[in-house]
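Residue strings, one per chain:
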Amino acid sequence: MEKKLADLNFSNRLYKTSPALFHSVKPTPLENPTLLHVNLKLLNELGLSSEITKNSSFLRFINGDLEFEGPFFGSSFYAGHQFGYFVPMLGDGRAIMIGEISTEKNFYELQLKGAGLTPFSRRGDGKAVVRSSIREYLASAHLKSLNIPSTEALTIHRGDDDVYREEVEKSAIVLRVAESFLRFGHFQYLATTNQKRELKKLVDFVIENYFPNFFQHQNQYVLFFQEITKRTAKLFARWQAVGFCHGVLNTDNMSILGLTLDYGPFGFIDNLNPDFICNHSDHDGRYSLGHQPGIGLWNLEQLALSLTSLIPTTDLDRTLNTYTTIFSVEYQNLLLAKCGLYKRNDNSESFLRETLLMLEITKLDYTNFFRALSQYETEDIYWKQFPYAHSCELDNWLTLYRSQLSLENLSESIRHERMLQVNPKFILRNYLAQLAIENHLLIEDLFKVLSDPFSNWPEFHHWSYPAPPELSNLSVSCSS
Ligand code: AMP
Ligand code: MG
C-alpha cells in the first residue's frame, strides 16, 4: 500500500531528549506556492513514492501548512562564533524543524528554511529569497554526489510573497533533510548558558544515536570528540580537493556530524587560488580557500571549550593535535587519487606540492585539468592531446608526473576509469546556478547533471566550461 504523508513515522527523538533546545513556532506558509523541484531519489529514501507529489496535500506539507498530527514545529537555540566573535544567542532565524522521521534504515530531520519569523529572527524576516534557495537546493545534491557529506534538500518551492533585500525579490522555501542539523553552536549555547545537564543529555543523545559504537564505552566522551575531529578534518580535506569554498564558516554553521551545512555565498574555484574569497562580506579573507583548513581546527577548538565539563582538557588538546595530520593525510590521498596515483613513495608529497604550485602558476582550470588528466595516455609523451595551452611549468610537471606514474602497476584503462570517478566533469560554478535562477526551467537539467557530475552528459558539455566573460564576475550577495 502506498505510504501517505500522514503515515510518516514522526519519532521526534531530538525534541523529546532536549526540549530545552527548542522553541515551538508556527511556520508562515508562502502565498500561491509553486513547486520548483523535488529530489525524487531522496523522496524514495524517505519511503515515499513520486506519486505523492501530485497530491495537493504534498504542496501544503512542504509549505508548512499541515493537516495531520505527528510533526512538531520548532526552532532551536544556538550560539556561535561569527567571524571570530562570540554571539551568545543566534538560533534558527529562518529554519523551522518539522520533526524527525524514522524509516527502516535511518532517521531524518526535516526542516523548512524560509518559512517565516521565529523567536530567533532578530532583525531578519525569516524568509529566504528564490536565488539563494536555488543555490542551496542544487549545491546540497551536488556535494553529496561529489562524495562530500552534506545536508540535502527534498523540495524547493516559491511563493508570491515579496521579500526585501537590496531590491524586492520573491521568497522560497527549501525543505532540508539531514540525519541531524545539530551544530557546534548548539553545544556552545548549552555550555555558555551553564546548562550542564542539558549539555550532557545532548552529547549522550548524539553518541547513542549517531556513534553507537562508543555508547557507554568508558571513554565515550573522548571518543565522541575524536570522531567529530576526524569527520571535520576529512570534510575540510574533501572541500579543498574539489575546490569548494564554504564562505561562512562560523561555528554555528558547523555540523556535529561533519556535514556541509548552511549554503550561503559558497563558491567553487575556477583556477587554484588560495586567496579565493567567495563571500563578498569577508573583507579580510578569514574564510578564503587557503584559510579553510585552519578554520576547521579553530572551530573545533571552540567546540572543545564547550565540552570541558565532560572531557579533561588534556584529552581535548591531544585530540585537537591530531587534526592537522588527519586533514593532510586525507587531502594528500584525495589529490593522489585525482592524479591516478595509488602507491605512496618518498616523493609523493613533493610531487603533490609541485602539482599545486603548477596549477597556481598556470591558472589552468582546476576541474577541467584533472578531467583531462583522467584521459592522459602515457605514450603521448608530450601530452599533445592536452586540450589547453601548454607552458614550461606544465611540461616540467609532466616529467615529474610520468616518473610517478612509472612506479604504478595499474593498466591505463583501469587508471582512467578510476580517475574519471573522482575527477568531476561538472561543478556548480556560480554562473550555472545563475542560469537556473534566471530560468527555472533549467533547474531540472542542472539538477540532473550536477547530481551525476562524473558522467559525460555530451548534450550538456558546454556546462563544463568556466564562466563565459559576461558571467564571470557574478557577485554573490550575502543577503539571502
Ligand atoms: P547564516 O550566516 O546564514 O548562517 O545566518 C546567521 C544567522 O542569521 C542564523 O542564526 C540565521 O538563522 C540568521 N538569519 C539569516 N538570514 C535570516 C533572515 N532572513 N531572517 C532571520 N534570520 C536570518
Ligand atoms: Mg547559518
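### So, helix α8 (residues 292-305)
Okay, step 1: Between the first and last C-alpha of α8 there are 20 Å, a value that for 14 residues agrees with the 20 Å anticipated at 1.5 Å per step.
Okay, step 2: With ten of its 14 residues buried, α8 lies for the most part within the structure.
Okay, step 3: The inward-facing, buried residues of α8 contact β4 (80-82), α5 (184-192), α7 (220-242), β11 (244-245), α9 (313-320) and α10 (323-338).

### Examining the environment of Thr 28
Okay, step 1: Mapped onto the elements of the fold, Thr 28 is located in the loop between β1 (22-24) and β2 (34-38).
Okay, step 2: What makes Thr 28 partly exposed here is its relative accessible area of 35%.
Okay, step 3: C-alpha of Thr 28 to C-alpha of Lys 41: the two residues are 13 residues apart in sequence and 27 Å apart in space.
Okay, step 4: Setting aside anything within four residues of it in sequence, one finds Thr 28 in contact with Ala 115, Gly 116, Leu 117 and Ile 173.

### Describing the coordination of the magnesium ion (ligand 2)
Okay, step 1: At the metal site, the magnesium ion (ligand 2) is ligated by Asn 253 (OD1) and Asp 262 (OD), and these contacts range over 2.0 to 2.2 Å. Of the two residues, Asn 253 and Asp 262, both sit in the buried class.

### Thoughts on the pairing of strand β6 (residues 95-102)
Okay, step 1: For β6, a buried count of eight out of eight residues is recorded, marking the element as mostly surrounded by other parts of the structure.
Okay, step 2: Alignment of β6 against strand β7 (residues 107-113), held across seven bridges, turns out to be antiparallel. Each residue of the ladder has a partner; that of Glu 100, found in β7, is Glu 109.
Okay, step 3: Linking β6 to β7, which pair antiparallel, is a turn of four residues.

### Concerning the side chain of Ser 150
Okay, step 1: Relative to the helices and strands, Ser 150 is located in the loop between α4 (130-145) and β9 (152-164).
Okay, step 2: Note on Ser 150: relative accessible area 5%, which makes it buried.
Okay, step 3: One polar contact links Ser 150 to Tyr 263, side chain to side chain, over a distance of 2.5 Å.
Okay, step 4: If sequence neighbours within four positions are ignored, Ser 150 has contacts with Ser 140, Leu 143, Lys 144, Leu 259, Thr 260 and Tyr 263.

### Here we look at the environment of Leu 35
Okay, step 1: With respect to the helices and strands, Leu 35 occurs in strand β2.
Okay, step 2: Residue Leu 35 is classed as partly exposed on the basis of its relative accessible area of 31%.
Okay, step 3: Taking C-alpha positions, Leu 35 is 26 Å from Leu 146, a pair spaced 111 residues apart along the chain.
Okay, step 4: Among all residues touching Leu 35, those that are not within four sequence positions of it are Leu 59, Ile 62, Thr 155, Ile 156 and His 157.

### Focus: the site of ligand 1
Okay, step 1: Gly 91, Gly 93, Asp 125, Gly 126 and Asn 253 are the nearest of the 15 residues found near ligand 1.
Okay, step 2: One of the side-chain N or O atoms of Arg 122 is found 3.2 Å from an oxygen atom in ligand 1.
Okay, step 3: Interatomic distance of 3.3 Å between a backbone N/O atom of Lys 127 and a nitrogen atom of ligand 1.
Okay, step 4: Considered on its own, ligand 1 offers 480 Å² of accessible surface; in the complex 78% of this is hidden by protein.
Okay, step 5: Residues belonging to the shell around ligand 1 are distributed by class as follows: one nonpolar, seven polar and seven charged.

### Some points on the domain arrangement of the protein chain
Okay, step 1: Segmenting the protein chain into domains produces domain 1 (5-178) and domain 2 (184-332).
Okay, step 2: The centre of domain 1, based on its C-alpha atoms, is set 23 Å off from the matching centre of domain 2.
Okay, step 3: The interface of domain 1 with domain 2 comprises 36 residues on the first partner and 38 residues on the second.
Okay, step 4: Surface buried jointly by domain 1 and domain 2 totals about 3000 Å² across both partners, of which 63% is contributed by carbon and sulfur atoms.
Okay, step 5: The largest share of the area that domain 1 buries against domain 2 comes from His 81, Phe 83 and Arg 135, three residues that together contribute 21% of it.
Okay, step 6: For the pair domain 1 and domain 2, the interface holds one salt bridge.

### Looking at the nonpolar core
Okay, step 1: Counting 122 residues, the largest nonpolar core has Phe 187, Phe 369, Leu 373, Trp 383, Trp 397 and Tyr 401 as its most contacted members.
Okay, step 2: Residue contributions to this core peak at 13 residues, all from α7.
Okay, step 3: Taken domain by domain, the makeup of this core includes at least three residues from each of domain 1 (5-178) and domain 2 (184-332).
Okay, step 4: Not counting residues within four places of it along the chain, the set of residues in contact with Leu 373 comprises Lys 338, Cys 339, Trp 383, Trp 397, Tyr 401 and Met 419.
Okay, step 5: Of all hydrophobic cores here, the second largest spans 26 residues; its members include Val 38, Phe 73, Ile 96 and Leu 175.

### A word on unusual backbone geometry
Okay, step 1: Here Phe 83, not a glycine, exhibits a phi torsion of approximately 50°, which is positive.
Okay, step 2: Inspection of the secondary structure puts Phe 83 in the loop between β4 and β5 (85-87).
Okay, step 3: Notably, Asp 262 is not glycine yet its phi reads approximately 60°, a positive angle.
Okay, step 4: With respect to the helices and strands, the residue Asp 262 is situated in the loop between β11 and β12 (267-268).

Each value, and the rule that gives it
- Residues numbered from 1 in each chain as written.
- Chains lettered and ligands numbered in written order.
- Predicted model: local features only at pLDDT ≥ 70, side-chain atom pairs only at ≥ 80, totals over all residues.
- Heavy atoms only, no water.
- Helix = DSSP H or I, 4+ residues; strand = E, 2+ residues; numbered from the N terminus.
- Expected span 1.5 Å × (residues − 1).
- Buried < 20%, exposed > 50% of the residue type's maximum accessible area, 1.4 Å probe, protein only.
- Contact = heavy atoms within 4.5 Å.
- Donors = N, O, S within 2.8 Å, 3.2 Å for Na, K, Ca; no water.
- Pairing = 2+ DSSP bridges.
- Polar contact = N/O pair within 3.5 Å; in protein donor to acceptor, adjacent residues only side chain to side chain.
- Near = heavy atom within 4 Å.
- Areas by Shrake-Rupley, 256 points an atom, 1.4 Å probe, with all protein chains shown as cover.
- Nonpolar A, V, L, I, M, F, W, Y, C, P; charged D, E, K, R; others polar.
- Domains from an automatic or database assignment.
- Buried area = accessible area lost by both parts, 1.4 Å probe.
- Salt bridge = Lys/Arg side-chain N within 4 Å of Asp/Glu carboxyl O.
- Core = buried A, V, L, I, M, F, W, Y, C linked by side-chain atoms within 4.5 Å.

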